[in-house]
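Topology and contacts: notes
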Amino acid sequence: MEIPYTVEARPDTGLYNAKVGIWLFLASEVMLFGALFSTYILLRVGAPEGFWPHGWLNIPVGTVNTLVLITSSITTVMAWASLKMNQFGRFKFFHACTLCLALTFVGIKSYEYHDKFIHYEITLNDGKIADGHLVKKTADEVVISGHYVEDRKELFDLRASGATHEHKEIAIPRSQIKKMENYGPWHSTYLAIYFTLTGLHALHVIGGAIVIGFLWGPGASLWKRDPERFTNRIEISGLFWHFVDLVWIFLFPVLYLL
Amino acid sequence: MSDHAAEHADHFREHIRRYLFVFYALLFGTLITVAASYIPFGNRAMNIGVALFIAICKASLVACYFMHLISERKMIYAIMAFTAFFFAGLMFLTLWTYADPPFHTVTH
Amino acid sequence: MQASSHAIPHPHLHESAHHEEAGFWSKYIFSTDHKVIGIQYGFTALCFLFFGFCLMLMMRWQIAHPGQPVPVVGGLLESLLGPIAAKGIVSNDLYNSFGAMHGTIMVFLAIVPLAFGAFGNYLVPLQIGAPDMAFPRVNMASYQFYVLGGVVMFFSFFIPGGAAQAGWTSYPPLAVAIPTAGQTFWLAGMVLLITSSLLGAVNFIATVIQLRAPGMTWMRLPFFVWAQFVTAFLLLLAFPPLEAAGVLQLMDKVAHTSFFLPTGLAVGGNLANISGGGSPLLWQHLFWFLAHPEVYVLILPAMGIVAEIIANNTRKPLWGYKSLVYAVLTLGFLSFIVWAHHMYLTGMGITIATFFQTTTMIISIPSVIVLTCMFISLWGGSIRFNTPMLFVMAFLPMFGIGGLTGLPLGFSYSDIHLHDTYYVIAHFHYIVAPGTIFALFAGIYFWFPKATGRMMNEFWGQVHFWASLIFMNLIFQPMFAQGMAGMLRRMADGGANYSTARVPDAIGGLSPHMLQLHTYILWAAVGLALAQIPFILNFFWSINNGKPAGSDNPWHSTTLEWQTPTPPPHGNFAKAPHVYRGPYEYSVPGHPTDFTPQNQPD
């Protein structure tokens, strides 16, 4: 006996098996990201007054990434609709766009991550703090392009301050450095949850892109043998993709704007 | 057969109009979220509220139209409703334990 | 008794076009057949159950005879594990490792894979009349993730520093601050195991929703299927927060983040070089959000097994089928909002503590309903006291004791005294050991003839039963007394440090009598170990030499799994069976036989 309802819908539920499966999986993903959002809220609420960062992420870059993902969502649904209208060529075009947009998203994210990893906070022996992007490192000194602050608190709320400080090149002899740390996840709980949330999200983007890529490439041969089953696979992978977009719709304002 | 295909295509053309409309709404929503974050409401809670409200609207559009949730079956609604309830429980009950300390400072 | 007259005919190989004769590897190792996967889960889980049991024996030795080399295996311990087991003694660190891993292995590698992965996988498709699970390849993947997770957990014993030591609960900051890699292996293992469970859960739920045979309505499902269905939902929705938390703790360990590490943390007298700002309580919330539903994952499949065996061996329908179904649905729902009753002593406010006490008290109601329905089901039955039935009948009072002793723990006032004491250990072991494990034993004896066509030996089954029952009670009963006397959990010296022998005028010190109980418990544990020997031998011997079952349905059962050939072939049924009646039509008045299978037309 073959497994029924792999393609045709079961009469009483009106669903085919994989659709039930993907929604169940998405439910578990809601709980996964939900736990991380709860973590974000708790860490933020628990942070001492004035020490939760604002404006540490580049808003125009984040906005572009948001638009990229939203566009990939429409190309995904158009790819599925094309198949439903029996237009295989248009499906190929739309999902090629989806894949390019996915790559763009990950590329922009990598740029953002890199920017954080070359951004240093250096505490000097005399208590002054230098903050800026790395220009070069030698055996006896570190050169950054940034500024000095007296009080560490000044580094946190960059949106309220409004005024941009001028960046000049500062050379710091290593002998004067008490502690040097870049803006990785170890720097603060804000960056920790930022990297974790966006990192996990990016893994989902990559995973989704791999599945869509497979279905676009070698997997597309199923279209000739069983077009309805292939269309369903595009629908299922599309649902996952929309979920990934949905998570970003919350991630962007929460991490970048608030 | 071609009549059926033509009806099928028309049916989808209607859907595609809807998808494009949602797309434009999402683009617009993104831009106003960014703009709203610059408006000084005075207290931060207002900014948070506005941003989350817009995010929920955008998410609902993606879920209802791109994910076809608006025309989905009861079984899927049931699964997602329970999930939403438990997610809310996790978030709010955890926050509540933090907000409810074991003792209150006595003020004379 | 024409047991096979309505048995589903054997499907002919040429009808199912894709099934050419499969090779050894694809038939037994990389199988996508739910029955093979179920048996794979079963064997692996039983191996881990045995391993976890051995860890316990060594722990009980150390508790009863602190600082003395473990007899028989001491030398082996030292050669396998090195300095942590110097001279064959269970050192404090090794004791902590054994404790943490005993809990982890028993819960995540033994009981859940056996109850859900093995019994669930094997029986659910058969009982609903389906050819297999909805996603067979996902099923195979879930088993593979389980094995991978188990391998990671097992090998953590042999890395420098040994296995995880911070309890199965892995509380930070301790879990993060311990410098060895055991905790990292634990976290990695957990992520793999959680992935396995999530894949399994998606499969079970989709299968029950979509693949029920024609006529198999929701209210005709065997209670076992309902129990597994709710269990799957618990796994699906409760595990992801722990997966998230596991990733966060991994980042704390490996990427030096401070999700769970507070500002100002000092380790070994020195301020830790971390950003701080984290919350140890956050881990507890995320952990217990899973771990409370997890305990229902441990008990629900067992309740399902008990229900099936009671109906079958009383020759009458289960009493209160509808109540059972609604109770189990309510139980599943409520289990998500009681978790902080594990956290009463973390400084919770009164309002929130009241909320969790209230939900905890309410959740005892459906549990009592389930137990009551099962007790009432015995009334007026023509009880057959075979081995499965004995285990199941013992389950009822044993689970009753376990459940009732949970009530003082559910109230925050009494929990202040009992939290983290041996009382808690006794409470949950009563539920899982003479509770769930007895149900699983019953299930093995009961469904053995369906998988093998042979019966397990009845005499040795009864020996196994009586010995296990007596020794389980001798092990865990004294622990209630010890706990109420204030003996804390997780003490490598068994509490000797807090004894009145060491500090004669200590207030609340442990009396010699309380410590003496450790010796009796040790002997009872050895007794329990010996009691398993007839079971293990019986199990393996009966596969090829047991009394032939005589028919496909030796217990004269009504549910669909008994209406297939033995063992059920690939694809289970030649074509979808049609279901005409409910699952427990036993002793229907006027009917020639005392049972009517679900697929028998009028």
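Here the structure is a predicted model, which is why all the values come from computation and not from measurement. (Residues numbered from 1 in each chain as written. Chains lettered and ligands numbered in written order. Predicted model: local features only at pLDDT ≥ 70, side-chain atom pairs only at ≥ 80, totals over all residues. Heavy atoms only, no water.)

**Side note on the domain arrangement of chain A**
All names here are of chain A. Looking at chain A, the domain boundaries give domain 1 (17-116 + 187-257) and domain 2 (119-182). Once you take the C-alpha centre of each, domain 1 and domain 2 turn out to be 35 Å apart. Opposite the 14 residues of domain 1 that make contact, domain 2 presents 12 residues. Buried area between domain 1 and domain 2, both sides added, is near 1,200 Å², and the carbon and sulfur share of it is 53%. It is Phe 51, His 54 and His 187 in domain 1 that bury the most area against domain 2; as a group they hold 44% of the surface buried on that side. (Domains from an automatic or database assignment. Contact = heavy atoms within 4.5 Å. Buried area = accessible area lost by both parts, 1.4 Å probe.)

**Digging into the side chain of His 34 of chain C**
Residues and elements named next belong to chain C. Within the secondary structure layout, His 34 lies in helix H2 (residues 34-64). Judged by relative accessible area, His 34 falls into the buried class, the value being 0%. Separated by 2.9 Å, the side chains of His 34 and Asn 572 make a polar contact. Those residues within four positions of His 34 in sequence are excluded, and the remaining contacts are Asn 121, Tyr 122, Pro 125, Leu 126, Pro 131, Asp 132, Met 133, Asn 139 and Asn 572. (Helix = DSSP H or I, 4+ residues; strand = E, 2+ residues; numbered from the N terminus. Buried < 20%, exposed > 50% of the residue type's maximum accessible area, 1.4 Å probe, protein only. Polar contact = N/O pair within 3.5 Å; in protein donor to acceptor, adjacent residues only side chain to side chain.)

**Things to note about the sheet that holds strand S4 (residues 168-173) of chain A**
All names here are of chain A. What the 5 strands build is an open sheet, ordered S4-S3-S2-S1-S5; its pairing is antiparallel. The open sheet has two edge strands with one neighbour each: S4 and strand S5 (177-182). In this sheet, adjacent strand axes meet at a mean angle of 40° when their direction is disregarded. In terms of strand pairing, strand S1 (residues 119-124) meets strand S2 (residues 129-137) through 5 bridges, oriented antiparallel. Bridge pairing links Ile 122 to Ala 130 in S2. (Pairing = 2+ DSSP bridges. Axes fitted to C-alpha atoms, helices over the stretch in contact; angles between N-to-C directions.)

**Some thoughts on the packing of helix H1 (residues 17-46) of chain A against helix H8 (residues 223-254) of chain C**
Packing of H1 of chain A against H8 of chain C leaves a shortest axis separation of 8 Å and a crossing angle of 40°. Looking at the two axes, H1 of chain A sits oblique to H8 of chain C. Seen along the crossing, H1 of chain A lies across H8 of chain C with a hand that is right-handed. Residues Leu 24, Ala 27, Ser 28, Met 31, Leu 32, Ala 35, Leu 36 and Thr 39 of chain A of H1 of chain A form the contact with H8 of chain C, whose own contacting residues are Phe 233, Leu 236, Leu 237, Pro 240, Pro 241, Glu 243, Ala 244 and Leu 248 of chain C. Residues belonging to the contact of H1 of chain A with H8 of chain C are distributed by class as follows: 13 nonpolar, 2 polar and 1 charged. (Parallel < 35°, antiparallel > 145°, perpendicular 65-115°, else oblique. Left-handed = near helix turned anticlockwise from the far one by under 90°. Nonpolar A, V, L, I, M, F, W, Y, C, P; charged D, E, K, R; others polar.)

**Observations concerning the pattern of salt bridges**
Taken as a whole, this structure holds 12 salt bridges over all chains when the rule is applied. For the salt bridge of Lys 19 of chain A with Glu 235 of chain A, the shortest nitrogen-to-oxygen distance reads 3.0 Å. With Lys 19 of chain A in helix H1 and Glu 235 of chain A in helix H7 (residues 227-257), this pair connects stretches of sequence that are 216 residues apart. By relative accessible area, which is 9% here, Glu 235 of chain A ends up buried. Across the salt bridge formed by Glu 121 of chain A and Arg 152 of chain A, the nearest N and O atoms sit 2.6 Å from each other. Here Glu 121 of chain A, found in strand S1, pairs with Arg 152 of chain A, found in the loop between strand S3 (141-149) and helix H4 (158-161); they are 31 residues apart in sequence, far enough to count as distant. One salt-bridge network, held together by shared partners, links Arg 10 and Asp 12 of chain A together with Arg 212 of chain C. (Salt bridge = Lys/Arg side-chain N within 4 Å of Asp/Glu carboxyl O.)

**Regarding the packing of aromatic side chains**
Considering all chains together, one arrives at 83 aromatic pairs over all chains under this definition. On the numbers, 5.8 Å between centres and 50° between planes, the contact of Phe 224 of chain C with Trp 447 of chain C is tilted. Here Phe 224 of chain C, found in helix H8, pairs with Trp 447 of chain C, found in helix H15 (residues 422-452); they are 223 residues apart in sequence, far enough to count as distant. No difference in accessibility class separates Phe 224 of chain C from Trp 447 of chain C, as the two residues are buried. In this structure an aromatic cluster arises from ring pairing among Phe 43, Phe 391, Phe 438, Phe 441, Tyr 445, Phe 448, Phe 465, Trp 466, Phe 535, Phe 539 and Phe 540 of chain C. The ring centre of Trp 216 of chain A lies 4.2 Å from the NZ or CZ of Lys 92 of chain A, which sits over that ring. The ring of Trp 218 of chain C carries Arg 212 of chain C above its face, with NZ or CZ at 4.3 Å from the centroid. (Phe/Tyr/Trp six-rings, centres within 6.5 Å; stacked < 30°, edge-to-face > 60°. Lys NZ or Arg CZ within 6 Å of the ring centre and 35° of its normal.)

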